[in-house]
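# Fold and contact review
What follows is the residue order along each chain.
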Amino acid sequence: MFVVYSVKGTVSVVENKVETKAKIGTIVNGNSSIKLGAGSFATLLCNETKMFSLNKAGSYTTTSLKDSCKTNNSSVSANYMKYIWSEMTKSKGTPEKNRKNYMANVGAVGRGDINNVWVDPRLDSVNYVSGTIPLSWKAYTEADEFDFKLYDDSKTKILLVKPVKKKHVNISELLKLIQPGKIYYWSATVKDEPENTARHYVRYVPKEEYQTFFNSLKKTDAVETEAEMNFRLGFVLEENHYIAEAFNHYMKATQLDPTNSLYRYTFMSFKKDFEIK
Amino acid sequence: MLHKHIARHTKKYVKHITKYLYERDTFFATIAVFVFLIVLGMIPINFYVLNPMKLALKDFDFNDIAYAKLEKTADVPVDKRIVVVNTGHLDRAELGFLIEKVSGYNPKVIGLDIFFAGTREPDKDSILREALKKTKNLVGVSVGAWDKHGFTIEKNNFDSVITKRGYANLIGEEIGTIRYYSPFEKVGDEKYPQITTAIIKEFDHEAYEKLEKRHKEQEFINYKRRVNNDVKQYQIIESEDMMADNVDSNLLKNKIVLLGYINHDHNDVEDKKFTPMNDKFAGKAIPDMNGIIVQANIISMVLDQDYIHKTPKWVAWLMAIVIGWIHMSLFIRYYLESHIWFHLVAKLAQLFSVIFFAYVGIFAFDKFEVKLDMKYTLYVIALAVDVIYFYEAFVGWLHRKFGYQTIFGHHHNPLEHEKHHTNDHNKHETTTHEPTTHEHH
């Protein structure tokens, strides 16, 4: 018997030809199998002690996983003797006498470039259609002023340099410079510091293209309430980097079913993550 | 033939140890070690202030090796009665939603290991307040502190909605190992529980009563489970998984759910404690266990009645006396008869004794959960060699001044020394006498 300890992605358990979504705590019995989708992983607990992870897509029968349950714990007494022996026979080198064995450290903090600005990875790619969202960042220093720069799709030609005192620029403020169907990049740098080399992607998606995509998302055979549909759309749009649109649908879901704590929690987290006030 | 050979040699070496065992000087020299030990202990100044060895080992316990290097708890199963939900860095409103969500899974008790200092955004505070109010089976944290009035509990703005509470304080130095906790403290005239005690009271009243009847001011924590990147002996659920209903409906039902902060990053030390399970058991290290997992270990221990039995102090002293006495007999034999080998034998005996008696302590701890205090025994073995020199000088003075009869006497009187050697040679023909050199020390 196995117990699902953690899952990420598409993981299901097949028992008597019935496939169900694997959840944390799901018990996988002898005749069942576990199916993993691409990019998914599952950690299983065997005999309540041994833990192992599956991260390759495919189907695994419980029989094929039995080998992962083997343990080779030796007694504390045996381990004590081994430990004493290994300590007594350990090389007595010192950093003074053998520097080569003692230089396995860098001795400095690692940085890709000089950059006191951090952008949440969620904002690294944004598909923009309409409305507004803040392109925001955080500063590691107590800076009062920043330079926001907008680049064309070559990442080199600067379209706009905007000194700002806040830590965000609303995308709606850039509408005069951007055109539907084109890709742009942006960066933020602490004023008077060397330019930040990180560029963040913004695509101005034409309304027609978005509508086609949205219609494909909306179609479903499942029976769902209006709130459920909006929550689902919000989630999928967020996954596809349509941040402003996802915001609208999350908000609608919360308004339609204000008692649902998942909707409220997700909406609040979403606002927090993207710094939407 | 071989067994006779072995028996003869064994007898010979046993005689090395027992030859001076019943000598008056062996008793007195052993007593001198204890006098020295007690006098050292009574000095109110910490002499180790600049001694790096002492400073490094100040927080050291031999049993820690059992966790750190000997995989003592490697096959301890996941405790199914306890589930830990990682709250991460959720704000108060998100925590409120999380509490509601967890409550929907019908756990028997929810332990919230988070303290809310002061007020924050009113809307978020209000969401949390509502959630706390609705969740009747929730046990919250109080912050307790010792001051001149005794143990006091700090007031908190959520006090009115958290009816069941306990302090989360553990016992340990600021950057020291957490080995003990206090199950109850007196606040005014009332007995106030630690958070784990309050949780156990709700979950298993029998275990609670047994803990109460132990009347211990502090309990030794029997660590059995850890959570890190390699080993997970408690079920941990991330808040996102919880909110997304990614959890089996039976996983939390009728169980203890602890809500607290778990940081998977080895270098993130927020609310992390040093425990005996730290892989580095002496010297500089980083804390190894999240506070919530320490509390979980306490709960598991109390529910299983799996307390560590500490032997009384007199047992530790008795062991130290007996073992110290035997060592003293061996050392004196080499000191007087084969002085050239004295330091080598003494060092080897000390080394093997430390290895052996540390093992005895670890074995008793592992098999019987009995904590033998071998500290005094090891101190005595370490001090015995130095004390012999001191003792010899002292009895030499007594001998010259008052004619005190001692086996060390001949070392101070060349004539007696000669006589002793001759007698000794006649008595023990098998014993090879090395020329004594210690007079030059």
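Owing to the predicted nature of the structure, the values given are computational and were not obtained by experimental measurement.

Secondary structure summary: chain A contains six helices and 17 strands in total. The proportion of buried residues among the 277 residues of chain A is 26%. Across chain A, contacts joining residues at least 24 apart in sequence account for 53% of those joining residues at least 6 apart.

Our next topic: the overall build of chain B. For chain B, the helix and strand inventory stands at 14 helices and 16 strands. Relative to its full complement of 441 residues, chain B shows a buried share of 35%. A separation threshold of at least 6 residues defines the contact pool for chain B, and within that pool the share at least 24 residues apart is 76%.

This part covers the sheet that holds strand β2 (residues 11–15) of chain A. Residue and element names in this part refer to chain A. Taken in spatial order, the four strands make up an open sheet running β3-β2-β5-β8, and their pairing is antiparallel. The open sheet has two free edges, formed respectively by β3 (18–21) and β8 (58–61), since each of these has just one partner strand. Neighbour to neighbour, the strand axes of the sheet diverge by 25° on average, direction disregarded. Note that strand β5 (residues 33–36) and β8 share four bridges and pair antiparallel. Opposite Ser33, over in β8, you have Thr61 as the bridge partner.

The subject of this paragraph is the packing of helix α4 (residues 226–239) of chain A against helix α5 (residues 243–256) of chain A. Residue and element names in this part refer to chain A. The contact between α4 and α5 brings their axes to 8 Å, and the two run at 155°. Between α4 and α5, the angle is such that the two are roughly antiparallel. Seen from above, α4 lies across α5 with left-handed handedness. Note on element contacts: α5 touches α4 through Ile243, Glu245, Ala246, His249, Tyr250, Lys252, Ala253 and Leu256, opposite Glu226, Ala227, Asn230, Phe231, Leu233, Gly234, Leu237 and Glu238. In terms of residue class, the contact of α4 with α5 is made up of nine nonpolar, three polar and four charged.

Before going further, it helps to spend a moment on the interface of chain B and chain A. Listed as interface residues are 30 residues of chain B and, on the opposing side, 25 residues of chain A. Put simply, the parts of the chain that give the side of chain B that touches chain A at least two residues each are α5 (92–103), β11 (235–238), α9 (239–243) and α12 (339–368) of chain B. Partitioning the side of chain B that touches chain A into residue classes produces 15 nonpolar, three polar and twelve charged.

Excluding glycine, a negative phi dihedral is what most residues carry, and trans is how most peptide bonds are arranged. One non-glycine residue, A:Lys155, adopts positive backbone phi at about 70°. Along the polypeptide, A:Lys155 turns up in the loop between β13 (146–151) and β14 (158–164). With a phi close to 60°, B:Asn106 is a non-glycine residue in the positive phi region. Locating B:Asn106 in the fold gives a position in the loop between α5 and β2 (109–112). With 14 C-beta atoms counted inside 10 Å, the residue B:Asn106 sits in the partly exposed group.

You can see B:Asp304 is positioned in the loop between α10 (291–303) and β15 (309–310). B:Asp304 gets classed as partly exposed once you count the C-beta atoms within 10 Å, which come to 13.

We now examine the domain arrangement of chain A. On domain assignment, one finds that chain A holds domain 1 (2–67), domain 2 (117–204) and domain 3 (208–273). Each of domain 1 of chain A and domain 2 of chain A was reduced to a C-alpha centroid, and the two centroids are 43 Å apart.

By size, the foremost hydrophobic cluster in this structure holds 148 residues, and its most contacted members are A:Val4, B:Val84, B:Leu98, B:Val102, B:Ile199, B:Val257 and B:Ile299. At ten residues, the largest contribution of residues to this core is made by helix α11 (residues 313–337) of chain B. Setting aside chain neighbours within four positions, we find B:Ile299 in contact with B:Ile82, B:Thr196, B:Ile199, B:Ile200 and B:Ile256.

What follows covers the pairing of strand β8 (residues 184–187) of chain B. One ladder, built from four bridges, connects β8(B) with strand β9 (residues 190–193) of chain B; its direction is antiparallel. Bridged to B:Lys186 within β9(B) is B:Lys191.

Let's shift gears to α10(B). Residue and element names in this part refer to chain B. If you check α10, its first and last C-alpha atoms are 19 Å apart, about what 13 residues at 1.5 Å a residue would give, namely 18 Å. Most of α10 is tucked away, with twelve of its 13 residues classed as buried. Among the residues of α10, Ile292, Ile293, Val294, Gln295, Ala296, Asn297, Ile298, Ile299, Ser300, Met301, Val302 and Leu303 are the ones counted as buried. Looking at the residues trailing α10, positive phi occurs at Gln305, about 55°.

Residue and element names in this part refer to chain A. An order of β4-β1-β6-β7 is seen for the four strands of this open sheet, with the pairing classed as antiparallel. Because the sheet does not close on itself, it has two edges, and the strands there are β4 (27–28) and β7 (50–54). Bridge analysis of strand β1 (residues 2–8) against β4 gives two bridges, and the strand direction is antiparallel. Bridge assignment links Phe2 to a residue of β4, and that residue is Val28.

Here we come to the environment of B:His266. All names here are of chain B. Within the secondary structure, His266 sits in the loop between β12 (256–260) and β13 (272–273). Judged by C-beta crowding, with 11 C-beta atoms within 10 Å, His266 ranks as exposed. Once the C-alpha coordinates of His266 and Ser103 are considered, the two residues, 163 residues apart in sequence, prove to be 30 Å apart.

Residues and elements named next belong to chain B. Here four bridges tie strand β4 (residues 144–147) to strand β5 (residues 150–153), and the two strands are oriented antiparallel to one another. Looking at β5, one finds that Trp146 is bridged to Phe151. Between β4 and β5, which pair antiparallel one after the other, the connecting turn spans two residues.

Right, let's talk about the packing of α5(B) against helix α6 (residues 122–134) of chain B for a bit. Helix-helix packing is described using two parameters, namely the angle between the two axes and the distance between the axes. Residues and elements named next belong to chain B. Viewed as axis vectors pointing N to C, α5 and α6 meet at an angle of 20°, and their least axial separation amounts to 7 Å. Taken together, the axes of α5 and α6 lie roughly parallel to each other. Note that α5 runs across α6; the crossing there is left-handed. On α6, the residues touching Arg92, Ala93, Leu95, Gly96, Ile99 and Glu100 of α5 are Asp123, Lys124, Asp125, Ile127, Leu128, Glu130, Ala131 and Leu132. Taken together, the residues that form the contact of α5 with α6 break down as seven nonpolar, one polar and six charged.

Moving on: the confidence of the model for chain B. Averaged over all residues, the pLDDT of chain B equals 84, while 88% of them reach at least 70. The complex model carries a pTM of 0.70, and its ipTM stands at 0.72.

Parameters at a glance
- Residues numbered from 1 in each chain as written.
- Chains lettered and ligands numbered in written order.
- Predicted model: local features only at pLDDT ≥ 70, side-chain atom pairs only at ≥ 80, totals over all residues.
- Helix = DSSP H or I, 4+ residues; strand = E, 2+ residues; numbered from the N terminus.
- Buried ≥ 20, exposed ≤ 12 C-beta atoms within 10 Å, placed from the backbone.
- Contact = placed C-beta atoms within 7 Å.
- Pairing = 2+ DSSP bridges.
- Axes fitted to C-alpha atoms, helices over the stretch in contact; angles between N-to-C directions.
- Parallel < 35°, antiparallel > 145°, perpendicular 65-115°, else oblique.
- Left-handed = near helix turned anticlockwise from the far one by under 90°.
- Nonpolar A, V, L, I, M, F, W, Y, C, P; charged D, E, K, R; others polar.
- Domains from an automatic or database assignment.
- Core = buried A, V, L, I, M, F, W, Y, C linked by C-beta atoms within 7 Å.
- Expected span 1.5 Å × (residues − 1).
- pLDDT = per-residue confidence, 0-100.

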